[in-house]
Amino acid sequence: MQYLFVTGRNPELALAEALSLFEKMDIDVTLSASKTNAFIFNTRKGIDTKKILTLLGGTIAIGKILCTGDLSEIENFIETEEVYFGQKNNFLYSCLDFADEGGLNTVLDALKQKFRAEKTKARFKSIRGTILMQTGDVVEGTPSKISATDITYFLFKDKNYSLGFIEAFSDSKEMEARDMGKPVRREHLAISPRLSKILVNLSQTKQGQTLLDPFCGIGVILQEAIAQGINVVGVDINSTATDGAKKNIEWTKNKYRAKATFKILVADSRKVSLQNIDGIATEPSLGTLLKKNPHKKVAIQMQERFENLMIQVLNNLKNSLTPQAKIAFTAPYINTGKSRLGCNIQKICNATGLQVHTLKSKTPKFPVCDFRPNQIVGRDIFVLKKNKRN
Ligand SMILES: C[S@@+](CC[C@H](N)C(=O)[O-])C[C@H]1O[C@@H](n2cnc3c(N)ncnc32)[C@H](O)[C@@H]1O
């Protein structure tokens, strides 16, 4: 089976997340092709695209490939095989274009002829919109929120053309409602629900296991985990934040009728004592809020403060972790105006005995960065794990 994954503005992170989720779910996949904002995965067994899409933060739609070949083979497939699976005689269709060297018009003509021959009242709706990628590139033809028509086809071109249709769309309204509707919000330290989902998936913590956020703030990451049925533990040094986390997690538990449990502690994660943690997903304090690009010296000092905090926290927590536990965290990625500076992960690994996790596919490699073109402090995203020797 072949599936198309359409990603948002950070395809590398979306890929790392999807591969981590597949590893956790024991789904064997190979990446067979990629475009700026789309991937094709091959799987031996079919996957539940709707369920997988609700779990992912970085993917906005998943489609199933119906046919691969040259353009005449695609035309022939459209002419001879079933390509509309709905019940309506009067329907709206659209087509996402990942075949930048053309081909779309041929496919649209073939579809038009097919629907005319079948005497269906099918109407075509073109899809407009762009995605601003984190690289600053603008991708035409894929809006960042794809709204479904009765059937949304896609045409992808790698060595060959692939025609398919989108089975699952990300529900951006639902994501927004979850973000805006929670009882306690904290704009200045906000992490988005999408990035929170990504961190939970990178940690590979399974349903019924326990995930820790040692810098839990008002609990946005923990909300995403508990909605998936993962038990959560949150720690924050600030009791106003933990009060907020309790309210937000209770709200999520009720909204999603989640059976998983939660425990929120006011404590210093450099000293707190915990047990049986199966994974960590967290956004530590990334440093002072900056209004302009800092001098390199200042950026280095900020990174040193971050590294020292992480060394103390990880040294304290590493013995609370089960052997397979993964630690997914964000680190500051500071734009000095001339270059971007990440933290010294080797220093953190040397001081804690932890190591950078590598996906079975070997790529993408951590860290994966996540930033907006004008952002002063973006994020480097790491996944660490225990070294077999410790
Ligand atoms: C960037 S915020 C995390 C935001 C969080 N993801 C949320 O949803 O609100 C970092 C948090 O770490 C907390 N913090 C800083 N140092 C800490 C420490 N040593 N132990 C525990 N929490 C700490 C801060 O109080 C702050 O709430």
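Residues numbered from 1 in each chain as written. Predicted model: local features only at pLDDT ≥ 70, side-chain atom pairs only at ≥ 80, totals over all residues.

Engineer: Give me the domain arrangement of the protein: which residues, what numbers.
Structural biologist: With domains assigned, the protein is organised as domain 1 (2-170) and domain 2 (187-386). The centre of domain 1, based on its C-alpha atoms, is set 32 Å off from the matching centre of domain 2. The partner domain 2 presents 20 residues to the 18 residues of domain 1 that form the contact. The element best represented in the side of domain 1 that touches domain 2 is helix α1 (residues 11-24), accounting for 10 residues. Here the side of domain 1 that touches domain 2 is built from residues that sort into eight nonpolar, six polar and four charged. (Domains from an automatic or database assignment. Contact = placed C-beta atoms within 7 Å. Helix = DSSP H or I, 4+ residues; strand = E, 2+ residues; numbered from the N terminus. Nonpolar A, V, L, I, M, F, W, Y, C, P; charged D, E, K, R; others polar.)

Engineer: Pulling in residues and values, what's your account of the pairing of strand β10 (residues 161-169)?
Structural biologist: Here eight bridges tie strand β4 (residues 59-69) to β10, and the two strands are oriented antiparallel to one another. Bridge assignment links Cys67 to a residue of β10, and that residue is Leu163. In terms of strand pairing, strand β9 (residues 151-157) meets β10 through five bridges, oriented antiparallel. From the neighbouring strand, Lys157 faces β10, where its bridge partner is Tyr161. Where β9 folds back onto β10 in an antiparallel hairpin, the turn is made up of three residues. (Pairing = 2+ DSSP bridges.)

Engineer: How would you sum up the sheet that holds β9? Please name residues and give values.
Structural biologist: The strand order across the open sheet formed by eight strands is β2-β3-β1-β4-β10-β9-β5-β6, and the pairing between neighbours is mixed. One side of each edge strand has no neighbouring strand; the edge strands of this open sheet are β2 (29-35) and β6 (121-124). Adjacent strand axes in the sheet meet at a mean angle of 30 degrees, parallel and antiparallel pairs treated alike. Relative to strand β1 (residues 2-7), α1 is tilted by about 135 degrees, and along the sheet it contacts β1, β2, β3 (38-43) and β4. (Axes fitted to C-alpha atoms, helices over the stretch in contact; angles between N-to-C directions.)

Engineer: Mind laying out the site of the ligand, listing which residues take part and the relevant values?
Structural biologist: Taken together, 21 residues sit near the ligand, with Phe215, Gly217, Val220, Asn238 and Ser269 positioned nearest. Elements supplying a minimum of two residues to the shell around the ligand: α7 (220-227) and β12 (231-236). Its residues assigned to classes, the shell around the ligand shows 11 nonpolar, five polar and five charged. (Near = placed C-beta within 6 Å.)

Engineer: Explain unusual backbone geometry residue by residue, including any values.
Structural biologist: At the junction of Thr363 and Pro364, the peptide bond is cis and its omega measures out at -10 degrees in the coordinates. Here the bond from Phe366 into Pro367 is cis, since omega is 5 degrees, no more than 30 degrees from zero. If you trace the backbone, Pro367 turns up in the loop between β17 (354-356) and β18 (368-370). If you check the backbone angles, Lys119 has positive phi at about 60 degrees while not being a glycine. By the element assignment, Lys119 lies in the loop between α4 (104-117) and β6.

Engineer: Can you lay out the packing of α1 against helix α6 (residues 193-203) for me, pointing to particular residues and giving the numbers?
Structural biologist: Their axes nearest at 8 Å, the elements α1 and α6 cross at an angle of 45 degrees. Judged by the inter-axis angle, α1 sits oblique to α6. For the pair α1 and α6, the crossing hand works out as left-handed. The residues of α6 that touch α1, namely those facing Leu13, Ala16, Glu17, Ser20 and Leu21, are Ile198, Asn201 and Leu202. Classifying every residue of the contact of α1 with α6 gives five nonpolar, two polar and one charged. (Parallel < 35°, antiparallel > 145°, perpendicular 65-115°, else oblique. Left-handed = near helix turned anticlockwise from the far one by under 90°.)

Engineer: Account for α7, naming residues and giving values.
Structural biologist: A large share of α7 lies buried, amounting to eight of its eight residues. Taken together, the buried positions of α7 are occupied by Val220, Ile221, Leu222, Gln223, Glu224, Ala225, Ile226 and Ala227. The secondary structure elements touched by the buried residues of α7 are α6, β11 (210-213), β12, α8 (239-255), β13 (262-266) and β14 (277-282). Following α7 by one or two positions, Gly229 adopts a phi angle in the positive range, close to 85 degrees. (Buried ≥ 20, exposed ≤ 12 C-beta atoms within 10 Å, placed from the backbone.)

Engineer: How would you sum up the pairing of β4? Please name residues and give values.
Structural biologist: Here β1 pairs with β4 via five bridges, running antiparallel. Bridged to Tyr3 within β4 is Lys64.

Engineer: Can you lay out the environment of Thr242 for me, pointing to particular residues and giving the numbers?
Structural biologist: Note on placement: Thr242 falls in helix α8. For the pair Thr242 and Cys67, spaced 175 residues apart in the sequence, the C-alpha separation amounts to 52 Å.

Engineer: Hey, could you go over the nonpolar core for me, with residue numbers and the actual values?
Structural biologist: Generally speaking, soluble globular proteins have nonpolar side chains that are buried together. Counting residues in each nonpolar core, the largest one holds 96 residues, and the members touching the most others are Leu155, Ile226 and Val232. Each of domain 1 (2-170) and domain 2 (187-386) accounts for three or more of the residues forming this core. (Core = buried A, V, L, I, M, F, W, Y, C linked by C-beta atoms within 7 Å.)

Engineer: Just give me the short version of the environment of Thr120, but keep the residues and values in it.
Structural biologist: Mapped onto the elements of the fold, Thr120 is located in the loop between α4 and β6. Residue Thr120 is classed as partly exposed on the basis of its 16 C-beta neighbours within 10 Å. Expressed as a C-alpha distance, the spacing of Thr120 and Lys88, which sit 32 residues apart in the sequence, is 8.6 Å. Setting aside residues up to four positions removed in sequence, Thr120 forms contacts with Asn89 and Phe115.

Engineer: Give a description of the packing of helix α9 (residues 296-317) against helix α10 (residues 345-352) that names residues and reports values.
Structural biologist: Two elements in contact, α9 and α10, have axes separated by 9 Å at closest approach and are oriented at 30 degrees. One way to sum up the angle between α9 and α10 is to call them roughly parallel. Seen from above, α9 lies across α10 with right-handed handedness. Counting all contacts with α9, which are made through Glu307, Met310, Ile311, Leu314 and Asn315, the residues of α10 involved are Lys347, Ile348, Ala351 and Thr352. Its residues assigned to classes, the contact of α9 with α10 comprises five nonpolar, two polar and two charged.

Engineer: For α4, give the residues involved together with the corresponding values.
Structural biologist: In this model, α4 (14 residues) spans 20 Å end to end at C-alpha, consistent with the 20 Å of a helix rising 1.5 Å per residue. Burial in α4 covers these residues: Leu104, Val107, Ala110 and Leu111. Buried residues along α4 cover an arc of 130 degrees about the axis, so they all sit on one side. Exposed residues lying more than 90 degrees from the buried face of α4 are Asn105, Asp109, Arg116 and Ala117. Contacts from the buried residues of α4 go to α3 (71-80), β5 (90-98), β9 and β10. Looking at the residues trailing α4, positive phi occurs at Lys119, about 60 degrees. (Expected span 1.5 Å × (residues − 1). Arc of directions from axis to C-beta.)

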